[in-house]
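Each chain, letter by letter, is given below.
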Amino acid sequence: MNSQHPDGSVFSNIVRAPEDPILGVTVAYNKDTSPIKLNLGVGAYRTEEGKPLVLNVVRRAEQLLVNDPSRVKEYLPIVGLAEFNKLSAKLIFGADSPAIQENRVATVQGLSGTGSLRIGAEFLARHYYQHTIYIPVPTWGNHPKIFTIAGLSVKTYRYYDPETRGLDFKGLLEDLGAAPTGAIVLLHACAHNPTGVDPTLEQWEQIRQLMRSKGLLPFFDSAYQGFASGSLDADAQSVRMFVADGGECLAAQSYAKNMGLYGERVGALSIVCKAADVASRVESQLKLVIRPMYSNPPIHGASIVATILKDSDMYNEWTLELKAMADRIISMRQLLFDTLRDRGTPGDWSHIIKQIGMFTFTGLNTEQVAFMTKEYHIYMTSDGRISMAGLSSRTVPHLADAIHAAVTRIP
Ligand code: PLA
């Protein structure tokens, strides 16, 4: 025993940290023993049977990889699998993107969307003259943490109007218009999380003009390409508008949702520059960011993605499977909306079918969410966000009962 450490541990003064607001929902769900429990917290796709889905095309790619004796487990380069990086840039910027043809894009493999955002943030904190990043209100809860911990200073811009349950476009333009020259702006490429509200193409064009006129630097988070509309190209339009004007931007991509590779942690960070020699210097500095963090990225997931993206037959199979996931989510929106209407649940629920992507931002408050968890064993984030991909036609009636009870009993 030591007088400074009464219970013999040098760690005895450590205080317990709270659970993560999103991943902690799954922790609580796993502890619940009720047979009717339902996890609508984390944005993870489930089948109509409520099971996680491994895409058929992913299984095929894995078979090819396993059966190829030339595949080894050597370290990848610091920037990851070269083929994967090229194909990822093509996927988000478009096959005919001048920026790619002119070698103005530096792309590195990252640990899914989160890791790619973090590399970009660390790079900007070290090498970009402006350290302020504007993020929308609300946004994915990990955004402020990633940017703050990397050394950037986080400010916010208005995005969502709870009154209209739509975009606060005027507020957005005012706030970005008042941002200092050169400030970084985090933009959700599509399927905004948690609101499911995206700007129209006309609005994107206005945002682009404003940002370019003020020299604001766009940092796109693309975690749901293909999940909003079912089309990979349509969901990349926002990003491509900003690249088409010849200006610079960053884009973090995730294959967690659109290829169902969640736990494989596959993603990419691209930095579009004005000239090839700048891009090559940028890449050299990205290596210095990555090497002391995790040295180099894992090989398996990136090999799966590259196998699929480079083969036109597999690519087509992927787009069909992706479209089927997006369509199932859209059909769950319609079913939930219809069921609430049939129950006569008070309120206007049309936002359920208007919102886009993985989530519905229901408008339910913290007390109503707590009630639904306690009485109905339905798990969701306390801001009232539900993951539509976690629903099936079997579970929608249960959710509708819970929402009906919550809004009629709790103000
Ligand atoms: N960006 C946004 C906007 C996201 O919603 C998520 C994941 C990520 C990046 C990072 O995903 P990745 O690192 O797994 O590629 N958001 C989830 C999961 C789906 C999470 O919180 O980690 C969510 O439920 O919001």
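The rules behind the values
Residues numbered from 1 in each chain as written. Predicted model: local features only at pLDDT ≥ 70, side-chain atom pairs only at ≥ 80, totals over all residues. Heavy atoms only, no water. Axes fitted to C-alpha atoms, helices over the stretch in contact; angles between N-to-C directions. Helix = DSSP H or I, 4+ residues; strand = E, 2+ residues; numbered from the N terminus. Parallel < 35°, antiparallel > 145°, perpendicular 65-115°, else oblique. Contact = heavy atoms within 4.5 Å. 1 Å grid on protein atoms, 1.4 Å probe; cavity = no way out; pocket = protein on both sides within 12 Å on 5 of 7 lines; lining within 4 Å. Points joined across faces, edges and corners; volume = space filled by probe spheres on them. Nonpolar A, V, L, I, M, F, W, Y, C, P; charged D, E, K, R; others polar. Expected span 1.5 Å × (residues − 1). Buried < 20%, exposed > 50% of the residue type's maximum accessible area, 1.4 Å probe, protein only. Arc of directions from axis to C-beta. Core = buried A, V, L, I, M, F, W, Y, C linked by side-chain atoms within 4.5 Å. Domains from an automatic or database assignment.

**Student:** Give me the packing of helix α3 (residues 82-93) against helix α9 (residues 237-244): which residues, what numbers.
**Tutor:** Two numbers describe how α3 lies on α9: the axes approach to 8 Å, and their chain directions differ by 95 degrees. Relative to α9, the element α3 is oriented roughly perpendicular. Side by side, α3 and α9 meet where Lys-90, Leu-91, Ile-92 and Phe-93 of the first sit next to Val-239, Arg-240 and Val-243 of the second.

**Student:** An account of the layout of surface pockets is requested, with residue identities and associated values reported.
**Tutor:** Considering only enclosed or pocket space, the largest pocket measures out at about 890 Å³ in volume. As for the largest pocket, its lining consists of 48 residues, of which Leu-23, Val-42, Gly-43, Trp-140 and Lys-257 are closest to the centre. Looking at the lining of the largest pocket, the elements that each hand over two or more residues are α2 (56-67), α5 (112-127) and α6 (142-149). When residues in the lining of the largest pocket are grouped by element, the largest group, four residues, is from α5. When grouped by side-chain class, the residues that make up the lining of the largest pocket number 21 nonpolar, 16 polar and eleven charged.

**Student:** Give a detailed account of helix α10 (residues 276-294), specifying residues and quantitative values.
**Tutor:** A rise of 1.5 Å per residue sets the reference length of α10, with its 19 residues, at 27 Å; its end C-alpha atoms lie 27 Å apart and thus fit the reference within 8%. The complete set of buried residues in α10 reads Ala-279, Val-282, Leu-286, Val-289 and Ile-290. What you see down the axis of α10 is that its buried residues fit within an arc of 90 degrees, all on one side. Seen from the buried face of α10, the exposed residues on the opposite side, beyond 90 degrees, are Arg-291 and Pro-292.

**Student:** Describe the environment of Phe-371, and please don't skip the residues or the numbers.
**Tutor:** Looking at the secondary structure, you find Phe-371 in helix α14 (residues 366-376). For Phe-371 and Ile-410, which are 39 residues apart along the polypeptide, the C-alpha to C-alpha distance reads 8.5 Å. If we skip the residues at most four places from it in the chain, Phe-371 touches Tyr-376, Ala-402, Ala-405, Ala-406, Arg-409 and Ile-410.

**Student:** So what's going on with the nonpolar core? Which residues, and what values?
**Tutor:** Formed by 63 residues in total, the largest nonpolar core has its most connected members in Trp-318, Leu-336 and Met-372. If you list the elements that add at least two residues to this core, you get α2, α3, β10 (266-272), α11 (300-310), α12 (312-343), α14 and α15 (396-409). If one sorts the elements of this core by residue count, α12 sits on top with nine residues. When residues of this core are assigned to domains, at least three map to each of domain 1 (23-53 + 327-409) and domain 2 (75-310). In this structure, Met-372 is in contact with Leu-364, His-377, Ile-378, Met-380, Leu-399, Ala-402, Ile-403 and Ala-406, ignoring residues within four places of it in sequence.

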